[in-house]
Amino acid sequence: MITSSTVFGHDCEPAEYAEIDPVQLLSMWIPAPGDAPPPLMALATIAEDGYPRARHVLLSEYRGGAVYFHTDATSAKVAELSVNPRAAVTVAWPEIGRQVSMYGDITSSEPQLDQAVYARRGRYLQLLAWLNTPEIAALDPARRHAAWARFDAEHPRLEPPPNWVGFALEPKELTFWRGDPLGPSQRTRYRRDKDRWTVEVLPG
Ligand SMILES: Cc1cc2nc3c(=O)[nH]c(=O)nc-3n(C[C@H](O)[C@H](O)[C@H](O)COP(=O)(O)O)c2cc1C
C-alpha cells in the first residue's frame, strides 16, 4: 500500500514516481468529506478581457478523479466559466509542507452531489448561500444583520437556494509539491496523455 509519506519520503527514488497513480495520490492528500474541514483552494478562471481572475473557494469533494467546488450561479466566476470552461486550482497545506496544483476542463456537477454538499455545509454557510445578494450587500450593517437574523429565524431548515451550483475540474496536469526540512523542496508533475500519465520530477 502506497502512503503519501512513503511516496514523498526523502528517500524516494525518482524512478518510483512513474509507478504512482496521481489520482490515487491526490485522494490521500485531500480529506474525505466529514474527515476534516474542506480545504480552501485558489481558483483561477479566464475573464473575457483575457486576464486571469483568482479567488478562494472550498474544495467540496474529490471523487472520480475530479475536484468539485460550489458557488453562486450569478457570480463572476460562473459567467467566466460559461464562456471559457477551463480553470486552474491550487491547494496548500503549509504546516505539513504540501501543495497541489492542477488545471483542466470544467463541467457541471451532479444535482445529488450539490444537495449533499449543501447539507454538509454548516448553518452559517447555508445561510450565506441564500443571503449573499447584491441587495443585502448594499444595506448598512444594522439592516444587513437584521435581514440575516430574520431569515435565520424564519428558516430553521434550509434547502439549497436556486443559485447553488457545483462544478468539477478534471485535471489534465497535476503537480505535487513537497517541502523537505532536510533539503530542497521537490515537485512531481503528472500530465495526462490519453489514458496514461507521464511524470516529471522538478525542483520545488
Ligand atoms: C475562506 C473562504 C472560503 C470561501 N469559499 C467559497 C466557496 O466555497 N464558494 C464561493 O462561491 N465563494 C467562496 N468564497 C468567496 C470567494 O472567494 C469570492 O469572493 C466569491 O465567490 C465571489 O467570487 P467571483 O466574483 O470571482 O465569482 C470564499 C472566501 C473565503 C475567504
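Here the structure is shown first, and the text comes after it.
Conventions adopted
- Residues numbered from 1 in each chain as written.
- Predicted model: local features only at pLDDT ≥ 70, side-chain atom pairs only at ≥ 80, totals over all residues.
- Heavy atoms only, no water.
- Helix = DSSP H or I, 4+ residues; strand = E, 2+ residues; numbered from the N terminus.
- Polar contact = N/O pair within 3.5 Å; in protein donor to acceptor, adjacent residues only side chain to side chain.
- Contact = heavy atoms within 4.5 Å.
- Phe/Tyr/Trp six-rings, centres within 6.5 Å; stacked < 30°, edge-to-face > 60°.
- Buried < 20%, exposed > 50% of the residue type's maximum accessible area, 1.4 Å probe, protein only.
- Near = heavy atom within 4 Å.
- Areas by Shrake-Rupley, 256 points an atom, 1.4 Å probe, with all protein chains shown as cover.
- Core = buried A, V, L, I, M, F, W, Y, C linked by side-chain atoms within 4.5 Å.
- Axes fitted to C-alpha atoms, helices over the stretch in contact; angles between N-to-C directions.
- Parallel < 35°, antiparallel > 145°, perpendicular 65-115°, else oblique.
- Left-handed = near helix turned anticlockwise from the far one by under 90°.
- Nonpolar A, V, L, I, M, F, W, Y, C, P; charged D, E, K, R; others polar.
- Pairing = 2+ DSSP bridges.

Asker: For this particular structure, what's the right way to read the side chain of Gln 126?
Answerer: Mapping Gln 126 onto the fold places it in helix α5 (residues 123-131). Polar contacts involving the side chain of Gln 126 include one to the main-chain carbonyl oxygen of Arg 121, which spans 3.3 Å. Once residues lying within four places of it in the same chain are set aside, the contact partners of Gln 126 are Tyr 118, Ala 119, Arg 121 and Leu 158.

Asker: Which parts of the structure should I look at to understand the environment of Ala 32?
Answerer: Looking at the element boundaries, Ala 32 is found in the loop between α2 (22-29) and β1 (40-46). Ala 32 sits 120 residues away from Asp 152 along the chain, and the two C-alpha atoms are 29 Å apart.

Asker: For this particular structure, what's the right way to read the packing of aromatic side chains?
Answerer: What characterises a pair of aromatic rings is the spacing of the ring centres plus the angle enclosed by the ring planes. Under the defined criterion, the tally for this structure stands at seven aromatic pairs. Geometrically, the ring pair formed by Phe 176 and Tyr 190 is edge-to-face, given 5.9 Å between the ring centres and 85 degrees between the ring planes. With Phe 176 in strand β7 (residues 164-178) and Tyr 190 in strand β8 (residues 186-193), this pair connects stretches of sequence that are 14 residues apart. As far as the burial class goes, Phe 176 and Tyr 190 line up, both buried. An aromatic cluster is present here, built from Trp 29, Trp 93, Phe 176 and Tyr 190 joined pairwise through their rings.

Asker: What exactly am I supposed to notice about the site of the ligand here?
Answerer: Near the ligand, the surroundings consist of Leu 40, Arg 55, His 56, Val 57, Leu 58, His 70, Thr 71, Ser 75, Ala 76, Lys 77 and Arg 121. At a separation of 2.7 Å, an oxygen atom of the ligand approaches a polar backbone atom of His 56. The separation between a nitrogen atom of the ligand and a polar main-chain atom of His 70 is 2.9 Å. In isolation the ligand has 620 Å² of accessible area, and contact with the protein removes 54% of it. Secondary-structure elements contributing two or more residues to the shell around the ligand are β2 (52-58), β4 (66-72) and α3 (76-83).

Asker: Can you help me understand the nonpolar core in this one?
Answerer: Generally speaking, a soluble globular protein has its nonpolar side chains buried in company with each other. Core analysis: the biggest nonpolar cluster contains 28 residues, and Val 67 and Val 100 have the highest contact counts within it. The set of elements that each furnish at least two residues to this core consists of α2, β1, β4, α3, β5 (86-93), β6 (98-108) and β7. Beyond its immediate stretch of four places on either side in the chain, Val 100 contacts Leu 26, Trp 29, Val 89, Thr 90, Val 91, Trp 93, Leu 174, Thr 175 and Phe 176. Ranked by size, the runner-up nonpolar core spans 14 residues in total, among them Ala 66, Val 117, Ala 147 and Phe 151.

Asker: How do you make sense of the packing of α5 against helix α7 (residues 141-154) when you look at a structure like this?
Answerer: Each pair of packed helices gets described by two things: the angle between the helix axes and the distance between those axes. Where α5 contacts α7, the two axes come as close as 11 Å, and the packing angle between them is 115 degrees. In terms of orientation, α5 lies roughly perpendicular with respect to α7. Crossing of α5 against α7: the hand is right-handed. Seen from α5, the contacting residues are Arg 123, Tyr 124, Leu 127, Leu 128, Trp 130 and Leu 131; seen from α7, they are Trp 148, Phe 151 and Asp 152. Its residues assigned to classes, the contact of α5 with α7 shows seven nonpolar, no polar and two charged.

Asker: What's the story with the pairing of β5 in this structure? I'm lost.
Answerer: Two faces belong to every sheet, and in a regular strand the side chains alternate between them. Judged by which residues are buried, β5 turns out to be one-sided: Ala 87, Val 89, Val 91 and Trp 93 face inward and are buried, whereas Arg 86, Ala 88, Thr 90 and Ala 92, on the alternate face, are not. Taken together, the three bridges between β1 and β5 define a ladder with antiparallel strand orientation. Paired with Leu 43 across the two strands is Val 89, which belongs to β5. As paired elements, β5 and β6 share eight bridges and run antiparallel to each other. Each bridged residue has a counterpart across the sheet, and for Ala 87 the counterpart in β6 is Gly 104.

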